[in-house]
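Structure assessment
One-letter residues, chain by chain:
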Amino acid sequence: MSALIRVEDLTRVFDVSKPWLNRVLEREPRALLTAVSEVSFGIEENSVYALVGESGSGKSTIGKIIAGLLSPSRGRVVVDGVDLDRETDKAKIAAVRSDIQMIFQDPYASLNPRWKVRTIIAEPVTVRGGDATGLPERLLEQVGLAARDADKYPHEFSGGQRQRIGIARALASGPRIIVCDEPTSALDVSVQSQVLNLMSDLREELGLTYLFISHDLTVVQHMADKIGVLYLGTLVEEAPRDRLFEDPKHPYTQMIFEAAPRMDAFGREAEPPKGEIPDAINPPPGCPFHPRCPIAVDRCSQERPRLREIGTTRVACHLAE
Amino acid sequence: MSTPVLSLRDLVVEIPTRTGVLRPVNGVSFDIAAGEILGVVGESGAGKSMTGNAVIGLLDRPARIVSGEVRLLDQPIQSLRGEALRRLRGKRMGMIFQDPLTSLNPLLTIGDQLTETIREHLDVGQSEARERAIAALDEVGIPAARQRIGSYPHEFSGGMRQRVVIALALCAEPELVIADEPTTALDVSVQAQIIALLKRLCRDRGVAVMLVTHDMGVIAEAADRIAVMYAGGVVELGPVREVITRPFHPYTGGLMASTPGASKGMRRLRQIPGSMPRLDALPDGCPFHPRCERAEAACRENPGPSLAACDGRAACWFPLTEPKEAVS
């Protein structure tokens, strides 16, 4: 199986200790936060792989590592056969890097307010010394804006239009892979559907591969081919879209599916899930989900479950079948 | 029918600016009965939060109510100011904001904040207030309330903080609670807990709740009735099941259809073209007509009909009752 992106045993630890003097005086040990813990998955070319999870699940950290904005503590990211941390040929790395671009959540914070739209969109090309004449205008039309918008500033656009500018900038270097971190979370529903449709169209026209990061299950269900569910930095379940939604195996996946508000659940009186995501600095031993899990047994608090395959699903649970 | 707890009639809020007068709330009318949750839904700029703030008297100057009526159990309150308003707020009307971190005072323990509110509005002593505060925290599901009453807001998680805010809104036993996007900042599993809590409190204590949110799923699960707002006005109002399963207003229909969950199996989502008009550039006629696929000349020339003209359900000249074409 040749995936375009392979992520192997990816781990990222953040040092969130107090300054060393405070640590010494208060006799406190270093505090390490494991944001991502031994996550492995592969993304096929021209597919949409979605990472879902609640806050603190590590989904954005994985996206940033793949986009090159963070480096992994352990494990590796292999894109198109190039190991981004061990490859010594600078040219190869540069080629892969320009193949990966990112779309951010907040279209108000991710565009430089002092730059004209033309400069913003051309930056990924000009920063590498390329010639971007005419490129911003062409891209603006491709994302549904007008060529003359290149002379405007970001504040002249609405949220949905700004996200289109963000997409145009991501496309400027002609990437094959786009990491989308909550691309529509800041947008209203009617605008969200416009942006999601645009992203689907671009994927078909340009043969793009998306890593789609979201907390919104309905959006993920619409966009993704394959979905990975994260909990406290670990991949607890991964399955093709329809299989995941029809037959979720992991108790956590079942819990968030059950808890998500639904438009057809009038006056539902379901028992809401118990507890909250635990502290990532002192994660529970064994399976990270066991304190909230309705079916946990003794083994779950001692032994961390490995991902195992059940049909096309991979699930990290001792009891799933 | 008994007197509604909250009754709005043609409420208009204006903001004078250098370039003209903006109307973020333009003739809103609805009632909320005791023990009822009214879901107010709309996209950003629709005027839903502004309506809630106008009711509870939290409009920031220069925004002000210029006409219309706000009645709390038949008593007009829109012109109350200063001390009279302050006595009402907290005692008879509680407010739950979106971000629990910014709506609590970080320098006071939650116990201090609760007892302060309770003693302000109820005639009780310090120890009685403290007992009530513990009971209030217990009721909203904070474990070990007696031990945690001395904690500061930063010692709680987001979900627990929102529970504290709810306890604070309810501790003086108000008749009306305005919840402005109470679950938007929370994760889905915690959101489900908070919705269940709001529903239980509303049912057990007969509080009228105005639930402001942009999330149709939350409204469907929590609300009894729904008011859909667009560009400062209520465009559709009715029982939640009827409005969601069979919307009358084209905007409600479009909003439903563009939610990803509603178009399962479709490669493309239905979309509403364009975006909500800015308040300083409202189109003539019905404010939705430039984005509406059913719009005709009448919609450009006449403002949208009031809800009263359409059996109180949808403010539209051509509602989706008799489909002109196949509209899903």
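Just so you know, these numbers come straight off a predicted model, no measurement behind them. (Residues numbered from 1 in each chain as written. Chains lettered and ligands numbered in written order. Predicted model: local features only at pLDDT ≥ 70, side-chain atom pairs only at ≥ 80, totals over all residues. Heavy atoms only, no water.)

Considerations on the overall build of chain A
- Secondary structure assignment for chain A yields 11 helices and 12 strands.
- For chain A, whose C-alpha radius of gyration is 21 Å, the value lies close to the compact-globule estimate of 20 Å for 321 residues.
- Principal-axis analysis of the C-alpha atoms gives chain A an extent of 65 × 55 × 45 Å.
- Within chain A, residue pairs in contact and separated by at least 24 positions form 65% of the contacts whose partners lie at least 6 positions apart.
- A total accessible area of about 14,600 Å² is found for chain A, and carbon and sulfur atoms account for 49% of it.
- Of the charged side chains in chain A, 39 are positive and 46 negative, and the gap between their average positions amounts to 5 Å. (Helix = DSSP H or I, 4+ residues; strand = E, 2+ residues; numbered from the N terminus. Rg over C-alpha atoms; globule rule 2.2 N^0.38 Å. Contact = heavy atoms within 4.5 Å. Areas by Shrake-Rupley, 256 points an atom, 1.4 Å probe, with all protein chains shown as cover. Lys, Arg positive; Asp, Glu negative; His and termini not counted. Charge placed at Lys NZ, Arg CZ, Asp CG, Glu CD.)

So, helix α10 (residues 251–259) of chain A
- Most of α10(A) sits out of view: seven of its nine residues are buried.
- Taken together, the buried positions of α10(A) are A:P251, A:Y252, A:T253, A:M255, A:I256, A:F257 and A:A259.
- Check the buried side of α10(A) and you find it contacts α8 (217–223), β9 (226–231), β10 (234–240) and α9 (241–246) of chain A together with α7 (188–205) of chain B. (Buried < 20%, exposed > 50% of the residue type's maximum accessible area, 1.4 Å probe, protein only.)

Describing the packing of aromatic side chains
- For the structure on display, the rule yields eight aromatic pairs over all chains.
- Ring centres 4.8 Å apart and planes at 5 degrees place the aromatic pair A:F245 and A:F257 in the stacked group. Linking A:F245 in helix α9 with A:F257 in helix α10, this pair joins segments that are 12 residues apart in sequence.
- Ring centres of B:Y230 and B:Y251 lie 4.5 Å apart, and the angle between their planes is 55 degrees; this geometry places the pair in the tilted category. Remark: B:Y251 occurs in helix α10 (residues 250–258) and B:Y230 occurs in strand β9 (residues 225–230); sequence separation between them is 21 residues. Just as B:Y230 is buried, B:Y251 falls in that class too.
- By the ring-pair criterion, three or more aromatic residues cluster together here, those being A:Y231, A:Y252 and A:F289.
- The side chain of B:R313 reaches across the aromatic face of B:F248, ending 3.9 Å from its centre. (Phe/Tyr/Trp six-rings, centres within 6.5 Å; stacked < 30°, edge-to-face > 60°. Lys NZ or Arg CZ within 6 Å of the ring centre and 35° of its normal.)

Quick notes on the environment of A:S98
Residues and elements named next belong to chain A.
- Relative to the helices and strands, S98 resides in helix α3 (residues 90–99).
- Given the relative accessible area of 16%, S98 is considered buried.
- Spatially, the C-alpha atom of S98 lies 6.3 Å from that of S173, the residues being 75 residues apart in sequence.
- When residues no more than four places from it in sequence are discounted, the contact partners of S98 are R128, S173 and P175.

Let's talk about unusual backbone geometry
Residue and element names in this part refer to chain B.
- A cis geometry characterises the amide bond from R61 onward to P62, with omega recorded as 10 degrees.
- Secondary-structure assignment places P62 in the loop between α1 (48–56) and β4 (64–72).
- Backbone geometry at L73 places phi at a positive 45 degrees, although glycine is not the residue there.
- Among the structural elements, L73 can be located in the loop between β4 and β5 (75–76).
- Looking at L73, the relative accessible area reads 35%, which means it is partly exposed.

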